[in-house]
2 protein chains.
Amino acid sequence: MIPPAGAGTDLERACLGQPVSRTPVWFMRQAGRALPEYRAARGTGSILSAIADAPLAAELTLQPVRRYGVDAAILFSDIVVPVHAIGFGVDIEPGRGPVMAQPFRSAADLSRLRPLEPETDVPYVAETVRLVARELAGTGVALIGFAGAPFTVASYLVEGGPSRTFAKVKSLMHADPGLWAALMDRLTAMAVASLRAQIEAGAQAVQLFDSWAGSLSPAEYARFVLPATQAVFAGIADLGVPTIVFGVGTGELLGLMGTAGSHVVGVDWRVPLDEARRRIGAGHAVQGNLDPALCTAPWSVVEQATREVLASAAANGSGSGHIFNLGHGVPPEADIAILGAVADLVHAESARE
Amino acid sequence: MIPPAGAGTDLERACLGQPVSRTPVWFMRQAGRALPEYRAARGTGSILSAIADAPLAAELTLQPVRRYGVDAAILFSDIVVPVHAIGFGVDIEPGRGPVMAQPFRSAADLSRLRPLEPETDVPYVAETVRLVARELAGTGVALIGFAGAPFTVASYLVEGGPSRTFAKVKSLMHADPGLWAALMDRLTAMAVASLRAQIEAGAQAVQLFDSWAGSLSPAEYARFVLPATQAVFAGIADLGVPTIVFGVGTGELLGLMGTAGSHVVGVDWRVPLDEARRRIGAGHAVQGNLDPALCTAPWSVVEQATREVLASAAANGSGSGHIFNLGHGVPPEADIAILGAVADLVHAESARE
């Protein structure tokens, strides 16, 4: 990992464990249905169409920055955009998630996963990044790009859609490790290509979403998933931007995730951040970890929970190296006044003189 | 906890950490749609009707014992049977789960939760237990009764159905701890009444399903949930049967669950059993923890995973005090030949001379 020189925003500095003016805060899935301006701008069109409309995607990316006063925008996109763009056959069903017309089942399906060529396959992604970066220049707000981690993208491809058990993808990795490795290689190359294009267009940091890694045992994660995740971060290390890896329910995996090669490890609400730091190991920042289920609770409850996250992140003198976030995405029914108040509280409590 | 004298079956002895002839094995949700004889006997009627038909429920309870050769039957029932029986207004939707006509929202709803009187409210439960106990007498196969833990039942009552975020129930416990405590008290009394009736009718062990406790942070579990769970086990301790507590995704909670008052703590597939034993603490047996997602994998994969569970359970010389099980329920698409082979392998590997 080459440390970026002169990282400009609090978000970037926090990722690197450097001093910040105040603890940066953003919310996973902050651009979404909880915002009335999002619902108005999105209308009833498909999300993949909105992502491919760069001016609209840029507007959706910027809305939560205006609404909440957060320290980072995250590109409005989806982890299945690359596989959709190369013609794998993906739809995103409202209220359900990504669904494959023909799931990945055998070696023959590898031919359906050609390399991603960002300039021709997803030109709208770089265009959205450029539009947003132009708007954010000089504001101190960072733009975060992202990709799906190979395992989590594979889970959709193999299961055919969202899953509770991940039975098909687990069966594949155990039963045919060679095919699994080949699938991971394709998806690793795709994530690297996608992230490089976003960074080159102006993303100042990137997050790799391995959202469902927590469904795996530590042994499965170490053998079948971690090498690909490491390869993604190795594949963008020369670009020198701060990197974040995140999954939900990863309490048993944090030590392994600390070896993935990212600067930051995101943590869900089940593990207090001081304990998470111990498991992840030295040299990493942490991101999290307010329970998103509290986004509809009374303010007094959310206020106390927010203070507890800040205290836990600062325990043992490790006040730096913390990006405040939820432990998972903003739910559609979240109270947006609460989220704005959380951002304000984090800023007020952490302001350095 | 009064240790039962002269516990007769391997299942009971394993719960108490006593020597067994071989490691007992059963599968959560072993009576279910994976079995053709279950689908034939159940037909298309509602599950609540099947539960209320004691001869049918007894048959469904016994089917997996015949099919798999497991060491325990678990009563065919559901954790919402008591609240359904007192007229709270519950339906179980196929493929979805328990749904409330009118969710629990305020103190006024407490009046909808009158005490359970098992003899008049659910006479069919004790009748089913008696029918099954008669069939199993002298076979060495134990009958396990069960109830839903107060938190997990409350999650259905408050959310109105299955939930991914548990936002409403978490908001209630934080925002109105007094009302939450009152709700827990009602559900504790209901679980105690239900379990006592099952034990008195002949259940030789009981499991308390706190299936969704893993959605909580350790601080939430300790403050809002554990006291009620402890009260359930305290309320049946005088009956002297072995007790099991189980939830999924509970890696962070195992130490606390070890103080709940049960003889056994069930563990999902995310934590190896040797590490689980360390977290739970001395004096407890463990139950688990083959990943149910592997129930559709090739036998060579399942065989290795089964051996790993057995080895982990026996690590550090702690070979006794293990009940083999899945880490969560049998999925409907499970390969029943695989499950039978797992039971055989566990028996063969663990047979004592």
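Look above for the structure.
Structure report, in brief. Every value quoted in this text rests on a predicted model; they were computed, and no experiment measured them.

Conventions adopted
Residues numbered from 1 in each chain as written. Chains lettered and ligands numbered in written order. Predicted model: local features only at pLDDT ≥ 70, side-chain atom pairs only at ≥ 80, totals over all residues. Heavy atoms only, no water. Buried < 20%, exposed > 50% of the residue type's maximum accessible area, 1.4 Å probe, protein only. Helix = DSSP H or I, 4+ residues; strand = E, 2+ residues; numbered from the N terminus. Right-handed = clockwise from strand over helix to strand, strands pointing away. Pairing = 2+ DSSP bridges. Contact = heavy atoms within 4.5 Å. Buried area = accessible area lost by both parts, 1.4 Å probe. Salt bridge = Lys/Arg side-chain N within 4 Å of Asp/Glu carboxyl O. Polar contact = N/O pair within 3.5 Å; in protein donor to acceptor, adjacent residues only side chain to side chain. Nonpolar A, V, L, I, M, F, W, Y, C, P; charged D, E, K, R; others polar. Phe/Tyr/Trp six-rings, centres within 6.5 Å; stacked < 30°, edge-to-face > 60°. Lys NZ or Arg CZ within 6 Å of the ring centre and 35° of its normal. Expected span 1.5 Å × (residues − 1). Bend = angle between axes of the 7 residues up to and from the residue.

**Brief notes about the pairing of strand S6 (residues 243-246) of chain B**
Each regular strand displays side chains that alternate between the two surfaces of the sheet. Residue and element names in this part refer to chain B. Taking every second residue as pointing to the same face, both faces of S6 are buried, with Thr243 and Val245 on one and Ile244 and Phe246 on the other. In the classification by handedness, the crossover that spans strand S5 (residues 205-209), the intervening helix H11 (residues 218-236) and the parallel S6 is right-handed. As judged from the 2 bridges shared by S6 and strand S7 (residues 264-266), these two strands associate in the parallel manner. By the bridge assignment, Val245 is partnered in S7 with Val265.

**Describing the interface of chain A and chain B**
The partner chain B presents 27 residues to the 27 residues of chain A that form the contact. Taken together, both faces of the contact between chain A and chain B bury some 2,100 Å²; the carbon and sulfur share is 52%. Summed over the three residues of chain A that lose the most area to chain B, namely Glu252(A), Arg270(A) and Ala293(A), the buried surface amounts to 25% of that side. For the interface between chain A and chain B, the tally reads 4 salt bridges. Glu252(A) serves as the salt-bridge partner of Arg279(B), at 2.7 Å between the closest nitrogen and oxygen. Linking chain A with chain B are 8 residue pairs in polar contact (both at pLDDT 80 or more). Looking at the side of chain A that touches chain B, the elements with two or more residues in it are helix H9 (167-175) and helix H11 (218-236) of chain A. For the side of chain A that touches chain B, the element with the highest residue contribution is H9(A), accounting for 5 residues. In terms of residue class, the side of chain A that touches chain B is built from 12 nonpolar, 8 polar and 7 charged.

**Topic: the pairing of strand S3 (residues 97-100) of chain A**
Residues and elements named next belong to chain A. Where strand S2 (residues 90-93) and S3 come together, 4 bridges link them in antiparallel fashion. Each bridged residue has a counterpart across the sheet, and for Ile92 the counterpart in S3 is Pro98. Taken together, S2 and the strand that follows it, S3, pair antiparallel across an intervening segment of 3 residues, in which Gly95 is found at a positive phi of about 80 degrees.

**Comments concerning the packing of aromatic side chains**
All names here are of chain A. All chains considered together, the criterion is met by 10 aromatic pairs over all chains. Joined through ring pairs, the aromatic side chains of Phe146, Phe209 and Phe246 make up one cluster. Cation over ring: Arg112 sits above Phe88, and NZ or CZ is 3.9 Å from the ring centre.

**Considering H11(A)**
Residues and elements named next belong to chain A. Helix length check: H11 (19 residues) gives 25 Å between terminal C-alpha atoms against 27 Å at 1.5 Å per residue, within 8%. Along H11, the sharpest kink reaches roughly 50 degrees, centred on Val225 and followed within four residues by the proline Pro227. Considered for burial, the residues of H11 that qualify are Pro218, Glu220, Tyr221, Phe224, Val225, Leu226, Ala228, Thr229, Val232, Phe233 and Ile236.

On their own, these measurements won't tell you what the molecule is for.
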